[in-house]
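Coordinate inspection notes
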Amino acid sequence: MTHGLKLGLSADEVLTTTRAVRKRLDFTRPVEREVLQDCVEIARQAPSGRNRQRWDFIFVGDEATKTAVTRWWLAGLRAGAPGGSDTRDPSPTGWQRIAESLGDLAARLHEAPWLLIPCVRVESRAELADVRGQAGAWGSVLPAVWSFMLAARERGLGTAWTTAHLTYEREVAAVLGIPYDTVVQAALTPVAYTVGTDFKPARRAPAESFLHWDRW
Ligand SMILES: Cc1cc2nc3c(=O)[nH]c(=O)nc-3n(C[C@H](O)[C@H](O)[C@H](O)COP(=O)(O)O)c2cc1C
């Protein structure tokens, strides 16, 4: 059974207009659990390595827990992101725009009706030591996360993929009671209704800048 309203977007529209929503989250409107469960029903059709479906989705709605998680998320944000600055963002002000809207989200993240922390189960953290292990683990949870976000968009909900809290993954695991050795957190997204639903396709690097035929 489907709960709540659906926008009636085509598959292509959902795929091209699901944005990282930071400024247009409605922090005042509650999101029913049933709607989240509908999105999870869709997400569980995602592919996973050997069809093991070793994902876990933790929705945090409790105020005190959201505040505690947000504190670690903010600490992670202040610590900065690892990795280089290589980008294909075609807009000269791209990062500036993201940083500005990230500031808006940072100020209110704890007010989001829900924080979703998707996780993947591993035999042990050693599984993440090589590329094959990593590809298998992340590839077994991130498609489901994106499916969730797409299903959410169709229901008027907004999400914003973030990884900032992972600098303090162990601390957040302690807050949420996650068994750290065998359950790895993959991301954190607020989930809220959006203010308006008229999201547009974004500017992206043209396909010729990354598309290869036959060899690199
Ligand atoms: C792996 C990954 C990590 C991300 N980390 C963050 C983050 O920490 N904070 C944030 O606000 N957005 C984060 N994002 C969202 C990106 O900034 C966003 O997807 C990108 O800017 C494109 O946004 P658009 O689809 O709205 O155009 C992340 C996205 C991905 C896929």
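Residues numbered from 1 in each chain as written. Predicted model: local features only at pLDDT ≥ 70, side-chain atom pairs only at ≥ 80, totals over all residues. Heavy atoms only, no water.

Counted only if it meets this: UniProt positions are given in the numbering used here, feature names are shortened, and annotations may be inferred rather than shown by experiment.
Under the annotation held in an unreviewed UniProt entry, the chain carries the name Nitroreductase and is attributed to Mycolicibacterium agri. Check the Sequence similarities (unreviewed entry) section of the UniProt entry for the chain; it says "Belongs to the nitroreductase family."

**Here's the deal with the side chain of glutamate 169**
Filter applied, for reference: Secondary structure elements follow DSSP: runs of H or I no shorter than four residues count as helices, runs of E no shorter than two count as strands, and numbering proceeds from the N terminus. Type-normalised accessible area, obtained with a 1.4 Å probe on protein chains alone, sets the label of each residue: buried when under 20%, exposed when over 50%, and partly exposed for intermediate values. Pairs of N or O atoms within 3.5 Å make up the polar contacts considered here, provided that, within protein, one atom can donate a hydrogen while the other can accept it, and that residues adjacent in sequence are counted only when both atoms are side-chain atoms. Any two residues having at least one pair of non-hydrogen atoms within 4.5 Å are treated as being in contact.
In this structure, glutamate 169 sits in helix α7 (residues 169-176). By relative accessible area, glutamate 169 is classed as buried at 9%. Here the side chain of glutamate 169 touches glutamine 185 through a polar contact of 3.0 Å, landing on its backbone nitrogen. Aside from chain neighbours lying at most four places away, what touches glutamate 169 is Arg125, Tyr180, Val183, Val184 and Gln185.

**Looking at the pattern of salt bridges**
The condition is simple: Any Lys or Arg side-chain nitrogen located within 4 Å of an Asp or Glu carboxyl oxygen qualifies as a salt bridge.
Summed over the entire model, instances satisfying the criterion amount to 10 salt bridges. A salt bridge links aspartate 104 to lysine 23, with the shortest nitrogen-to-oxygen separation between them at 3.4 Å. Placement of the pair is aspartate 104 in helix α4 (residues 94-108) and lysine 23 in the loop between α1 (11-17) and β1 (25-26), with a sequence separation of 81 residues. Since its relative accessible area comes to 36%, aspartate 104 is described here as partly exposed. The partly exposed category is assigned to lysine 23, whose relative accessible area is 46%.

**A short note on the packing of aromatic side chains**
Under the convention used in this document: What counts as a ring pair is set by centres within 6.5 Å for rings of Phe, Tyr and Trp (its six-membered ring), and what kind of pair is set by the plane angle: stacked under 30 degrees, edge-to-face over 60, tilted for all other angles.
All chains considered together, the criterion is met by four aromatic pairs. Ring geometry for phenylalanine 57 and phenylalanine 148: centres 6.0 Å apart, planes at 70 degrees, overall edge-to-face. With a gap of 91 residues between them, phenylalanine 57 in strand β2 (residues 55-60) and phenylalanine 148 in helix α6 (residues 142-154) connect regions that are remote in the sequence. Residue phenylalanine 57 is classed as buried on the basis of its relative accessible area, which comes to 19%. Ring centres of tryptophan 72 and tyrosine 168 lie 5.2 Å apart, and the angle between their planes is 40 degrees; this geometry places the pair in the tilted category.

**Things to note about the site of the ligand**
Where we set the bar: For each residue, the test is whether any non-hydrogen atom lies within 4 Å of the molecule or strand; if one does, the residue is near. Computed with the Shrake-Rupley method and a 1.4 Å probe, the accessible areas treat only the protein chains shown as cover for residues. Each residue is assigned to one class: nonpolar for Ala, Val, Leu, Ile, Met, Phe, Trp, Tyr, Cys and Pro, charged for Asp, Glu, Lys and Arg, and polar for all the others, Gly among them.
Residues in close proximity to the ligand include Arg19, Ala20, Arg22, Ile98, Leu102, Trp161, Thr162, Thr163, Ala164, Ala202 and Arg204, which together make up its full environment. Within the side chain of arginine 19, one N or O atom sits 3.1 Å away from an oxygen atom of the ligand. Contact distances for the ligand include 3.2 Å between an oxygen atom and a backbone N or O atom of threonine 163. For the ligand, whose accessible area on its own is 640 Å², the fraction buried by protein is 63%. Split into classes, the residues belonging to the shell around the ligand amount to six nonpolar, two polar and three charged.

**Let's talk about the nonpolar core**
Just so we agree on the cut-off: As used here, the term nonpolar core means buried Ala, Val, Leu, Ile, Met, Phe, Trp, Tyr and Cys residues forming a set that is joined through side-chain atoms within 4.5 Å.
One finds Phe57, Phe148, Leu157 and Val191 to be the most contacted residues of the largest nonpolar core, which totals 26 residues. Of all the secondary-structure elements, those providing two or more residues to this core are α2 (33-43), β2, β3 (114-121), α6 and β6 (189-194). Among the elements that line this core, the one with the most residues is α6, at six residues. Of all hydrophobic cores here, the second largest spans 24 residues; its members include Leu102, Ala173, Ile178 and Ala192.

**Things to note about the packing of α2 against α6**
We apply this condition: Think of each axis as a best-fit line through the C-alpha atoms, taken over the contacting stretch in the case of a helix, with angles from 0 to 180 degrees between the N-to-C directions. These descriptions rest on fixed angle ranges, namely under 35 degrees for roughly parallel, over 145 for roughly antiparallel, 65 to 115 for roughly perpendicular, and the rest for oblique. If you view the pair so one helix is near and one far, a crossing is left-handed when the near helix is turned anticlockwise from the far one by less than a right angle, and right-handed when it is turned clockwise.
For the pair α2 and α6, interaxial distance at closest approach is 8 Å and the crossing angle is 135 degrees. As judged from the angle between their axes, α2 and α6 are oblique. Where α2 crosses over α6, the handedness of that crossing is right-handed. Contacts from Leu36, Cys39, Val40, Ile42 and Ala43 of α2 reach α6 at Ala144, Ser147, Phe148, Ala151 and Ala152.

**Quick notes on unusual backbone geometry**
Within the chain, asparagine 51 stands out as a residue other than glycine whose phi angle is a positive 50 degrees. Positionally, asparagine 51 belongs in the loop between α2 and β2. Look at aspartate 214: it is not a glycine, yet its phi comes out positive at around 70 degrees. Positionally, aspartate 214 belongs in the segment after β6.

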